[in-house]
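# Geometric and topological summary
Chain by chain, the residues run as shown.
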Amino acid sequence: MNFTPTEEQQLVADMVRGFAEEKIRPNIREWDEAQAFPDEIWRELAELGLLGVVIPEKYSGAGLGYLEYVAVIEELSRVDPSVALSVAAHNSLCAGHIFIAGNEEQKTLYLPKLATGDWIGAWGLTEPEAGSDAAGTRTTARLSSDEREWVLNGAKTFITNGSYAGVAVILAVTDASAGNHGISAFIVEAGTDGFIVGRKEDKLGCRASNTVELILEDCVIPRENLLGELNHGFVDALRVLDSGRISIAAMALGLAQGCLDASVAYAGERHQFGRPIGSFEAIQAKLVTMSSEVQAARQLVLHVSSLKNAGEYVKRQASEAKLYSSEVAVRCAEQAVQIHGGYGFVKDYGVEKFYRDVKLCTIGEGTSEMQRLVISRELTRRG
Ligand SMILES: Cc1cc2nc3c(=O)[nH]c(=O)nc-3n(C[C@H](O)[C@H](O)[C@H](O)COP(=O)(O)OP(=O)(O)OC[C@H]3O[C@@H](n4cnc5c(N)ncnc54)[C@H](O)[C@@H]3O)c2cc1C
């Protein structure tokens, strides 16, 4: 397969790189410490078409493909993984689920609001008792006595963008006897009575990305806010996660590239024993390994993105790209700190932040252990 970027893909990558360098890089540390980034950035991301990248133009999206989408996430993450994570959750999870499973009325109502950034999107699958194992979902949805509304009760945890989301997709049990096949998805608008933003998490990394608990307390929504078929929510969520894992793979790739870029620059400028540290073989070997692994990760990300563009089933390839890229990113962040010596251990050069941010990549949207399970199941099933 030929992964030479088309002119359009290169334009998108250059545009996002320019934006990230100019508008994001100068603020990274302040936003990390404040554990937030300003609304203004959401507005600018929307103006650039980055809040509905693969959403068709008829729903006010950019109408681009997955190769452009991964370029967006990679370039944002290369500078600040927090922004990349927030944008990925909005695009792949919330808008993605509505696009995959919504009826025409729901798509027409919600996708333009999301793509134009009028509303930020969140997606709630994880619960205190249901992380890797969604069968532990306790949030319930029952029809009201007149069957005109759904009443949701429960709590979702670790929800990206939850504090300021205009709309959230919430997974809830609708048939307690059917395990994962008794879970449905619902569209819940912020401001609905009983939809409560709970505790904000104080995180190790990706601190500028908003992560909160969402509580549903007799939260009443219209019957037509069921998203997709009844009891089909978890099956749809797995499809959403296939795309979501491509975006976390791209986030990991960008982070790893950011570590490599910072390390190459530092190896050239830092002198010890009268020479740049980049002239020492031990440092060169680290850079060579980082570069080779980043290139290999990029091939996996581009490969799965082009399969996705072609409409193919990508469960195994998405998990492989996520597993490999995120573990490469962890190694690159570790080596970047090592190459920076003591300066890597303090905040001035930014690699300390990559070292904290990177762990999200091996946890969010399915841990590395779960990716291995998915891949082995797919290999066996296909075999
Ligand atoms: C910053 C951040 C943002 C997030 N954003 C969202 C979001 O927007 N929406 C959302 O729904 N969720 C979100 N999540 C939740 C995330 O998807 C979960 O944290 C993740 O799926 C793991 O679930 P858990 O934390 O409950 O870990 P657990 O499932 O409790 O896992 C704990 C450990 O046990 C291992 N483990 C579990 N089961 C197995 C098994 N069968 N075999 C081998 N090992 C196993 C895991 O790999 C892990 O190492 C976010 C999380 C974070 C940290």
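None of these values were measured; they are calculated from a predicted model. (Residues numbered from 1 in each chain as written. Predicted model: local features only at pLDDT ≥ 70, side-chain atom pairs only at ≥ 80, totals over all residues. Heavy atoms only, no water.)

The next point concerns the overall build of the protein. Of the regular secondary structure elements, the protein holds twelve helices and ten strands. For 383 residues, the compact-globule formula gives about 21 Å, and the C-alpha radius of gyration of the protein, at 21 Å, lands near that figure. Dimensions along the principal axes, computed over C-alpha positions, put the protein at roughly 80 × 50 × 40 Å. For the protein, the share of sequence-separated contacts (at least 6 apart) that also reach a separation of at least 24 residues comes to 74%. Accessible surface, the protein: about 16400 Å² in total, of which carbon and sulfur atoms supply 52%. Within the protein, one finds 37 positive and 52 negative side-chain charges whose respective centroids are separated by 5 Å. (Helix = DSSP H or I, 4+ residues; strand = E, 2+ residues; numbered from the N terminus. Rg over C-alpha atoms; globule rule 2.2 N^0.38 Å. Contact = heavy atoms within 4.5 Å. Areas by Shrake-Rupley, 256 points an atom, 1.4 Å probe, with all protein chains shown as cover. Lys, Arg positive; Asp, Glu negative; His and termini not counted. Charge placed at Lys NZ, Arg CZ, Asp CG, Glu CD.)

Before going further, it helps to spend a moment on the nonpolar core. Judged by nonpolar contacts, the single largest core of 69 residues is most densely connected at Ile24, Leu45 and Leu76. Top contributing element to this core by residue count: helix H7 (residues 233-269), with 13 residues. Here this core spans two domains, and each of domain 1 (7-120) and domain 3 (235-382) adds at least three residues to it. Leave out the neighbours within four places in its chain, and Leu76 touches Val16, Phe19, Ile24, Leu45, Pro81, Val83, Ala84 and Val87. Grouped together as the second largest cluster of nonpolar side chains are 26 residues, Tyr59, Ala101, Val169 and Val240 included. (Core = buried A, V, L, I, M, F, W, Y, C linked by side-chain atoms within 4.5 Å. Buried < 20%, exposed > 50% of the residue type's maximum accessible area, 1.4 Å probe, protein only. Domains from an automatic or database assignment.)

Next up on the list: the layout of surface pockets. In this model, the largest pocket occupies a volume close to 1200 Å³. Along the walls of the largest pocket sit 45 residues, with Thr126, Ile363, Gly364, Glu365 and Gly366 positioned nearest its centre. At the level of elements, helix H5 (81-101), strand E1 (120-124), strand E3 (149-160), H7, helix H11 (351-357) and helix H12 (368-382) are the ones that each hand at least two residues to the lining of the largest pocket. Here the residues of the lining of the largest pocket are counted per class, giving 20 nonpolar, eleven polar and 14 charged. Estimates place the volume of the second largest pocket at around 480 Å³. Along its surface, the second largest pocket is lined by 21 residues, and Tyr66, Ile100, Arg239, Ser243 and Lys308 are the ones closest to its centre. Secondary structure elements with two or more residues in the lining of the second largest pocket: helix H4 (66-79), H5 and H7. Looking at the lining of the second largest pocket, the element that brings in the most residues is H5, giving six residues. (1 Å grid on protein atoms, 1.4 Å probe; cavity = no way out; pocket = protein on both sides within 12 Å on 5 of 7 lines; lining within 4 Å. Points joined across faces, edges and corners; volume = space filled by probe spheres on them. Nonpolar A, V, L, I, M, F, W, Y, C, P; charged D, E, K, R; others polar.)

To continue, consider the pattern of salt bridges. When the charged atoms of two side chains lie near each other, side chains of opposite charge can form a pair. Going through the model one piece at a time under the given rule, you end up with 24 salt bridges. A salt bridge links Glu327 to Arg372; the nearest nitrogen and oxygen atoms lie 3.1 Å apart. One end of the pair, Glu327, is in helix H9 (residues 315-339); the other, Arg372, is in helix H12, and 45 residues separate them in sequence. We classify Arg372 as partly exposed; its relative accessible area is 43%. (Salt bridge = Lys/Arg side-chain N within 4 Å of Asp/Glu carboxyl O.)

Moving on: unusual backbone geometry. With a phi angle near 55°, Gln35 is a residue other than glycine that sits in the positive phi range. With phi around 60°, Glu147 is a residue other than glycine that occupies positive phi space. As for its position among the elements, Glu147 is in the loop between strand E2 (140-143) and E3. Residue classification places Glu147 among the partly exposed positions, given a relative accessible area of 46%.

Before going further, it helps to examine a nonpolar patch on the surface. A contiguous nonpolar surface patch, about 430 Å² in accessible area, is contributed by Tyr343, Phe345, Val346 and Tyr349. Topologically, Tyr343 is positioned in helix H10 (residues 342-345). (Patch = residues over 30% accessible without salt bridge, like charges linked within 9 Å, V, L, I, M, F, W, Y side chains within 5 Å.)

A few words now on the domain arrangement of the protein. Per the domain assignment, the segments of the protein are domain 1 (7-120), domain 2 (121-231) and domain 3 (235-382). Every contact between the two is made by 25 residues of domain 1 and, on the other side, 33 residues of domain 3. In this assembly, domain 1 packs against domain 3 so that about 2300 Å² is buried in total across both faces, 67% of it on carbon and sulfur atoms. Joining domain 1 to domain 3, the criterion identifies four salt bridges. (Buried area = accessible area lost by both parts, 1.4 Å probe.)

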